[in-house]
Amino acid sequence: MAMTEISQTEHISPEHTITATHREIVNNWLSRFEIAVNNSSYNLIAELFLDDSHWRDLLAISGRVKTLTGINNITNELLSHLSGNRLSSFMIDPDRVQPRFATRSGRRVLEALFTFNTSQGSASGVLRLVLLTKPNNYYKAWTIGTVLQELKGTKATKHLHLNKKVTSPGQEIFSSKLSKLQIIEKSNTIEQPTVLVVGAGQAGLSTAAQLRKQGIDTVVIEKHNRVGDNWRNRYRSLTLHNQTSVNHLPFLKFPDHWPTYIPKDQLADWFESYADIMKLNVWTQTHFRNATYEQKQMHWNVNLELPNGKQLKIKPHHIVMATGISGTPSIPNIRGIERFNGTIIHSENYTDGSKWKGLNALVIGTGNSGHDIAQDLYKHGSNVTMVQRSSTLITNIEPSAQLVYSLYHEGPNLEDCDLLAAGTPFEPLKESHQILTKKSKQYDEDILKKLEKVGFKLDFGKEETGWQFKYLQTGGGYYFNIGCSDLIADGRIKLLNFSDVKDFQEEGLSLSDGNILPAKLVVFATGYKGPDFHVKKCFGTKLAHKIGPVWGFDERTQELRNMWTKTKQPGLWFIAGGLSQCRIYSKILALQIKLNELEKYSPKK
Ligand SMILES: Cc1cc2nc3c(=O)[nH]c(=O)nc-3n(C[C@H](O)[C@H](O)[C@H](O)COP(=O)(O)OP(=O)(O)OC[C@H]3O[C@@H](n4cnc5c(N)ncnc54)[C@H](O)[C@@H]3O)c2cc1C
């Protein structure tokens, strides 16, 4: 985040136009920082930071994805990475948005983007300085973000040579144009890929494109028939809930004139074309079954299942699990469900409501899918009741749900916004989301009050941090209102509290007041089993236990758990999330894999 796809902007202050003096302030801070780190001086470093400052490093200095808080922790961490690692050439980045004043997390800051070099390569940074008026006007760093951009000596692939024939020996064999049979026939002679990416959603495709840029042999496998089917197969009325301008995949932007909220089929087709244009080696209809790691040889033994049921073993150095945080449908066990003689489906299998006109339908679950499906059924003439178990965060799709992306509308280009977002540590980000949640509650006051009146249980996320933090913590539990909340508020879609449900009977739900709620259709919009389930299934309980939970914030590290960073299992990586998260962090992940490969084959000192 910052770890996320996020923006944390409340607003920019145009009245504070930057002056030469402000540039001098930034330059002065940067040159003092450079002197301080090159002298490895605790005092010189510490005096540049506020006591409650934060540093997020994405590989640039620590070689890890790391967030630190507090002057002492920051200084000590910096000092621990300076031996043999010369940091130099700190300067305001002339090619990016110039220093400016902004309000971040309620604080007025002088914000600057800078560049510097490390012994490993070139890096970028985000600096947010705060003015201390006492004892006399003085700027100290409140937050600093540092991000590795390019590894030394690996600039050759700066631009993808899209028209160039793929020359690496393994790649022709892995071409998605070959039939699976040909692949198997050639499989005795294939060069093993360095990386196996599992899943061709936004996470897998972005990562494969970034690995390709790093010149790393990569195969992507996808269990569906076609790339994009993970979106194509979802319910017909689905469009993205965040705007096109923040959702680009790496290296290739959506056309300007595309709809503000991309319909799912249009996105699916774009994904398929993207795989083609980026020359990604995607094997469709290929299932990842399981894998074990050969410690000595430092490779995996992976069992794949191909479309005709044939098994194939491959031996990549790395596996990137890009299988999503919501892969396997989860259906709660409600007493008597086997008695029910209507139709039961999970939201994953819902297409549209045309078959259910004039019939009673129950939608269990009040997240995005539940609301969208309830609204679709209502539109098709069903008599719909939604069943709510847990409190849900409701926010109007505009402007409230888009507030977290406001940075992307401030003016800087996409690349600068991504850096500003990535360079924001957890605590300031959290504060900013609390401010934005407060704002959105004001915008949405009318609908929220009406929902409360009909008994809808609301929440605003842990510590009122809003929908995006909820996504990062739990993967769901919110709805972007595009009309369904209004239907619930005025009673056109009925609401039932799960605590009033006794069990299922043949004709519908039996309620604790003795009544029966008849239904012909029950849709379980109850979400999915998280990534931990998948890890256990594919790698076994022992490995799952070794690496710990995947996804959700670790308050101690202030980062998402096991996401786009080294895990405790060599050669195993994870990536997931919204489109902008995947765009930002696929590069970080690819760089780590590249570094890992370089380390492995560099002569031992
Ligand atoms: C209804 C809904 C609306 C959403 N709206 C938005 C939105 O507006 N904006 C946004 O950014 N996000 C949105 N999301 C959230 C999130 O971005 C998506 O869930 C997204 O699909 C995540 O991308 P991913 O690549 O991490 O995972 P997925 O898209 O889930 O991709 C994982 C891929 O892995 C494949 N796979 C899984 N297991 C295996 C296996 N064993 N072998 C081979 N292949 C396998 C799957 O078939 C799938 O194609 C939405 C999610 C839902 C459910």
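Residues numbered from 1 in each chain as written. Predicted model: local features only at pLDDT ≥ 70, side-chain atom pairs only at ≥ 80, totals over all residues. Heavy atoms only, no water.

1. Overview of the sheet that holds strand β24 (residues 508-511)
Stage number 1. Sheet architecture is open: three strands sit in the order β23-β24-β25, paired in antiparallel fashion. Lying at the two open borders of the sheet, with one neighbouring strand each, are β23 (501-505) and β25 (516-518). Across the sheet, the mean angle separating the axes of adjacent strands is 25 degrees when strand polarity is ignored.
Stage number 2. Pairing geometry for β24 and β25, over three bridges, is antiparallel. Note on β25: the bridge partner recorded for Leu-509 is Leu-517. (Pairing = 2+ DSSP bridges. Helix = DSSP H or I, 4+ residues; strand = E, 2+ residues; numbered from the N terminus. Axes fitted to C-alpha atoms, helices over the stretch in contact; angles between N-to-C directions.)

2. Regarding the site of the ligand
Stage number 1. Around the ligand lies a shell of 29 residues, among which Gln-202, Ala-203, Glu-222, Asn-230 and His-241 are the nearest.
Stage number 2. Between the ligand and His-241 there is a distance of 2.5 Å, counted from an oxygen atom to a backbone nitrogen or oxygen.
Stage number 3. Residue Leu-579 places a main-chain N or O atom 3.1 Å away from an oxygen atom belonging to the ligand.
Stage number 4. Protein chains shield 91% of the accessible area of the ligand, which is 970 Å² for the free molecule.
Stage number 5. Listed by contribution, the elements that provide at least two residues to the shell around the ligand are α6 (202-213), α7 (229-232) and β12 (287-294). (Near = heavy atom within 4 Å. Polar contact = N/O pair within 3.5 Å; in protein donor to acceptor, adjacent residues only side chain to side chain. Areas by Shrake-Rupley, 256 points an atom, 1.4 Å probe, with all protein chains shown as cover.)

3. A closer look at the packing of aromatic side chains
Stage number 1. Counted by the stated rule, this structure contains 23 aromatic pairs.
Stage number 2. On the numbers, 5.5 Å between centres and 85 degrees between planes, the contact of Phe-33 with Phe-90 is edge-to-face. One end of the pair, Phe-33, is in helix α1 (residues 20-38); the other, Phe-90, is in strand β4 (residues 88-92), with 57 residues separating them in the sequence.
Stage number 3. Between Trp-467 and Tyr-478, the aromatic rings sit 5.4 Å apart at their centres with planes inclined by 50 degrees, giving tilted as the arrangement. With Trp-467 in helix α13 (residues 466-474) and Tyr-478 in strand β21 (residues 478-481), this residue pair connects regions lying eleven residues apart in the sequence. (Phe/Tyr/Trp six-rings, centres within 6.5 Å; stacked < 30°, edge-to-face > 60°.)

4. Observations concerning the sheet that holds strand β30 (residues 572-574)
Stage number 1. With respect to topology, five strands assemble into an open sheet ordered β11-β10-β9-β15-β30, the strand pairing being parallel. Of all the strands in the sheet, just β11 (282-283) and β30 have a single pairing partner and so form its edges.
Stage number 2. The pairing of strand β15 (residues 318-321) with β30 spans three bridges and is classified as parallel. Within the sheet, the bridge partner assigned to Val-320 lies in β30 and is Trp-573.
Stage number 3. Contacting β15 and β30, helix α15 (residues 531-539) crosses the sheet at an angle of about 145 degrees to β15. (Contact = heavy atoms within 4.5 Å.)

5. Structural notes on empty space enclosed by the protein
If you roll a probe as big as a water molecule over the atoms, it shows you where there is empty space left.
Stage number 1. For the coordinates displayed, the defined rule picks out seven cavities of 30 Å³ or more.
Stage number 2. Put simply, the largest cavity is a space of about 120 Å³.
Stage number 3. In terms of lining residues, the largest cavity is bounded by 17 residues, among which Leu-436, Thr-437, Ser-440, Gly-466 and Trp-467 are the most central.
Stage number 4. For the lining of the largest cavity, the secondary structure elements donating two or more residues are β20 (393-396), α11 (426-443) and α13.
Stage number 5. No other element matches the five residues that α11 contributes to the lining of the largest cavity.
Stage number 6. Its residues assigned to classes, the lining of the largest cavity shows eight nonpolar, seven polar and two charged. (1 Å grid on protein atoms, 1.4 Å probe; cavity = no way out; pocket = protein on both sides within 12 Å on 5 of 7 lines; lining within 4 Å. Points joined across faces, edges and corners; volume = space filled by probe spheres on them. Nonpolar A, V, L, I, M, F, W, Y, C, P; charged D, E, K, R; others polar.)

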